[in-house]
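The primary structure of each chain is shown beneath.
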Amino acid sequence: MKRTLLSGSLLGVSREQPAEECLTPQPPAVSFNKADQDGLLKNTPDQPENPKILKIAIIGAPNAGKSTLSNQLLGRKLFPVSSKVHTTRCQAQGVITESDTQLILLDTPGMVNAVKAKRHNLEKSLQQDPWESVKLADVVLVLVDVSEKWMRKSLHLEVFKCMSQNPTIPSILILNKVDLLKDKGCLLEITDTLTDGVVKGKKANVQSEIISSHKKTKDDTFVKKDDACWNSTEQSQGSTIPDPSLDAPADLTKKKLMHKDLEKVGWAHFEEVFMLSAISGDEVETLKRYLMTLAKPGEWVFHSDVVTTQSPQEICDNIIREKLLEYLPLEIPYSITQVTNLWEEGSSGELVIMQTLLVAKENHVKIVIGPGGQLIGRIASEAGRDLMNAFLCDVRLRLSVKFKK
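Residues numbered from 1 in each chain as written. Predicted model: local features only at pLDDT ≥ 70, side-chain atom pairs only at ≥ 80, totals over all residues. Heavy atoms only, no water.

Between helix α2 (residues 66–74) and helix α12 (residues 284–294), whose axes approach to 10 Å, the crossing angle comes to 75°. With respect to α12, the element α2 is oriented roughly perpendicular. For the pair α2 and α12, the contacting residues are Leu 69, Gln 72 and Leu 73 in the first and Val 284, Leu 287 and Lys 288 in the second. Class assignment for the residues of the contact of α2 with α12 results in four nonpolar, one polar and one charged. (Axes fitted to C-alpha atoms, helices over the stretch in contact; angles between N-to-C directions. Helix = DSSP H or I, 4+ residues; strand = E, 2+ residues; numbered from the N terminus. Parallel < 35°, antiparallel > 145°, perpendicular 65-115°, else oblique. Contact = heavy atoms within 4.5 Å. Nonpolar A, V, L, I, M, F, W, Y, C, P; charged D, E, K, R; others polar.)

Rendered as structure tokens:
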């Protein structure tokens, strides 16, 4: 029995590689001195002889793993990550510079519609930033959390709308959290659904036996190394047949395209499909190397020492906020106001930070502090470690909690 699935263009398949091929330069630290960071951002980029550049928008539903993927690609934790929705509140940029190539990552909030934004009193940025990022991008990464059944059945409606209104911008489907799937065989079905069985404008017939006969390895890769049909784009191109739906006139209007695609559950215009785990880093290096190949000749936007456009204070606030979201219940973390009272370099070169957390209800003070101050101590300890990773220096972080209407 045969069933229609896409062939080729399925990247992110694990391969044995020499260790040196996976090594990438250690990204520079972010300065905790605002003046230094601002000066670096204003610096004239140190252009190589033949510079190349690629702007990448990362979009998807809330909690798809966009910030986690950005952090893995950057090689340093700079964007907040939490199991709670709307951890990322606005567009933030990360910069990867290797050799003559610069990648600019546009990390965005999870896409929400106007009704939900109004219902939860969310900032306008949560609606606007993903759309603006896509318009600025050379390529769009569409993240889907395949560990959630309801998310893998169809692309998020807001993602659909955004892609339909920007059909000429190349897009790549990223199936994230594949490590949480017990049955890796269902990835073929998910891919077929989310792409309408079309990638790079071609379809193919693939034996259904591939789904049941592949062997799961110890590290949960979903396809065997020696499966020729899935091992490389070049090997699978020969079995592809043209997709009749792609023979439509080139001047198809956005309106018609959007109407046509919104009736479907998949987007038939993806250039490639990657399967990875952003949290563990599995196959992220493969994606990064591929993105490097997409870069086009063009002047760099930032100096090679720039890792993010965020200010040191923004990085600090976001990381502390991440911990508040992770450890505090219900609406409490969303109503906390962060006030930095002290930010200075200590006698030994360490960064000393004192921040007050203002809570909206008096009974929230005890909840945030926790029994014997254990919870606030844990939040400060974990946030401090993440800040050390960002600034590459010792950090002494002290948090206090106060009630303020």
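With that out of the way, let us pick up the packing of aromatic side chains. Taken as a whole and assessed by the stated rule, the structure comprises three aromatic pairs. Residues Phe 32 and Phe 391 carry aromatic rings whose centres are separated by 6.5 Å and whose planes lie at 80° to one another, so their mutual orientation is edge-to-face. With a gap of 359 residues between them, Phe 32 in the loop between β2 (10–11) and α1 (34–42) and Phe 391 in helix α15 (residues 374–391) connect regions that are remote in the sequence. No difference in accessibility class separates Phe 32 from Phe 391, as the two residues are buried. Ring geometry for Trp 343 and Phe 391: centres 6.3 Å apart, planes at 85°, overall edge-to-face. Of this pair, Trp 343 sits in strand β13 (residues 337–345) while Phe 391 sits in helix α15, and the two are 48 residues apart along the sequence. By relative accessible area, which is 4% here, Phe 391 ends up buried. By way of ring pairs, the aromatic residues Phe 32, Trp 343 and Phe 391 are connected into one cluster. (Phe/Tyr/Trp six-rings, centres within 6.5 Å; stacked < 30°, edge-to-face > 60°. Buried < 20%, exposed > 50% of the residue type's maximum accessible area, 1.4 Å probe, protein only.)

For strand β5 (residues 101–107), the buried fraction is high: seven of the seven residues fall into the buried class. Of the two faces of β5, the one holding Thr 101, Leu 103, Leu 105 and Asp 107 and the one holding Gln 102, Ile 104 and Leu 106 are both buried throughout. As paired elements, strand β3 (residues 52–60) and β5 share seven bridges and run parallel to each other. Considered in β5, the bridge of Leu 54 is made with Leu 103. Here strand β4 (residues 92–98) pairs with β5 via seven bridges, running antiparallel. Among the inter-strand pairings, Thr 97 is bridged to a residue of β5, identified as Gln 102. A loop of two residues connects β4 with β5, the two strands running antiparallel in sequence, and Ser 99 in this loop sits at a positive phi of about 55°. (Pairing = 2+ DSSP bridges.)

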